[in-house]
Amino acid sequence: MDIGASLGGTVSAIAGAAFDAARAIMGGSPASGRFVVNHDNVLAAAKIIQTQADSLGDLVRDARGDLRVDQPGEDIVSTKVAEAWNDLLLINDDSYVARIGDYVAGLNNLVQQLIDSAKAYGYNEQDIAAALGGEQRA
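What counts, and at which threshold
Residues numbered from 1 in each chain as written. Predicted model: local features only at pLDDT ≥ 70, side-chain atom pairs only at ≥ 80, totals over all residues. Heavy atoms only, no water. Helix = DSSP H or I, 4+ residues; strand = E, 2+ residues; numbered from the N terminus. Buried < 20%, exposed > 50% of the residue type's maximum accessible area, 1.4 Å probe, protein only. Contact = heavy atoms within 4.5 Å. Areas by Shrake-Rupley, 256 points an atom, 1.4 Å probe, with all protein chains shown as cover. Polar contact = N/O pair within 3.5 Å; in protein donor to acceptor, adjacent residues only side chain to side chain. Patch = residues over 30% accessible without salt bridge, like charges linked within 9 Å, V, L, I, M, F, W, Y side chains within 5 Å. Salt bridge = Lys/Arg side-chain N within 4 Å of Asp/Glu carboxyl O. Core = buried A, V, L, I, M, F, W, Y, C linked by side-chain atoms within 4.5 Å.

Peer 1: Just to check I follow, could you spell out the overall build of the protein for this structure?
Peer 2: Secondary structure summary: the protein contains five helices and zero strands in total. Starting at the N terminus, the α and β elements of the protein follow one another as α-α-α-α-α. Taking all 138 residues of the protein together, 29% fall into the buried category. When contacts within the protein are restricted to residue pairs at least 6 apart in sequence, long-range pairs at least 24 apart make up 57% of them. In the structure as shown, the protein presents an accessible area of about 8300 Å², 55% of it carried by carbon and sulfur atoms.

Peer 1: Quick question: what am I supposed to make of the side chain of Ser95 here?
Peer 2: When you line up the elements, Ser95 lands in the loop between helix 3 (76-91) and helix 4 (96-120). Classification of Ser95 as buried rests on a relative accessible area of 1%. In terms of polar contacts, Ser95 uses its side chain to reach the backbone amide nitrogen of Ala98, at 3.1 Å. Once residues within four sequence positions are removed from consideration, Ser95 is found in contact with Asp87, Leu88, Leu89 and Leu90.

Peer 1: What should I look at first to understand a nonpolar patch on the surface in this one?
Peer 2: Residues Ile76, Val77, Val81, Trp85, Leu88 and Tyr96 make up a contiguous nonpolar surface patch of roughly 590 Å² in combined accessible area. Of all the elements, helix 3 adds the most residues to the nonpolar patch, at five residues. Within the element layout of this structure, Leu88 appears in helix 3.

Peer 1: In this structure, what is going on with the nonpolar core? I would like to understand it.
Peer 2: Across soluble globular proteins, nonpolar side chains show a tendency to be buried alongside one another. Membership of the largest hydrophobic core comes to 22 residues, with the highest contact counts inside it found for Val42, Leu43, Leu114, Ala118, Tyr123 and Ile128. Of all the secondary structure elements, the ones that give two or more residues to this core are helix 2 (42-67), helix 3 and helix 4. Not counting chain neighbours up to four residues away, the residues in contact with Leu114 comprise Val37, Val42, Ala45, Ala46 and Ile49.

This is the structure:
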């Protein structure tokens, strides 16, 4: 099984769903790179982004063990290549897993900003929790 292709396909599917959801919120095409958050869509935007952050976080958590590269042999080349791949994929501060973690943290930060905006628009804690599926992050 090609883990990279499988992970990439799943991430692409999540991104596609996020794109479709953004299009729905924006009432058209997100191609302009802009979407306006207002009283009417702030909680929907927060829910969509939260769902995508949770999905991507779960996907990476579930795939983490499968991303580890086992050395194919006992020779020094096999050992060093496996170490290098594991560093790149899992271990380094700028590994792929760390980068995805940073991206998920950024999405969660955006959700918090949208929650704060919802409060400024006058939504109460119960409205926010209901819109986010019972999860209140603030």
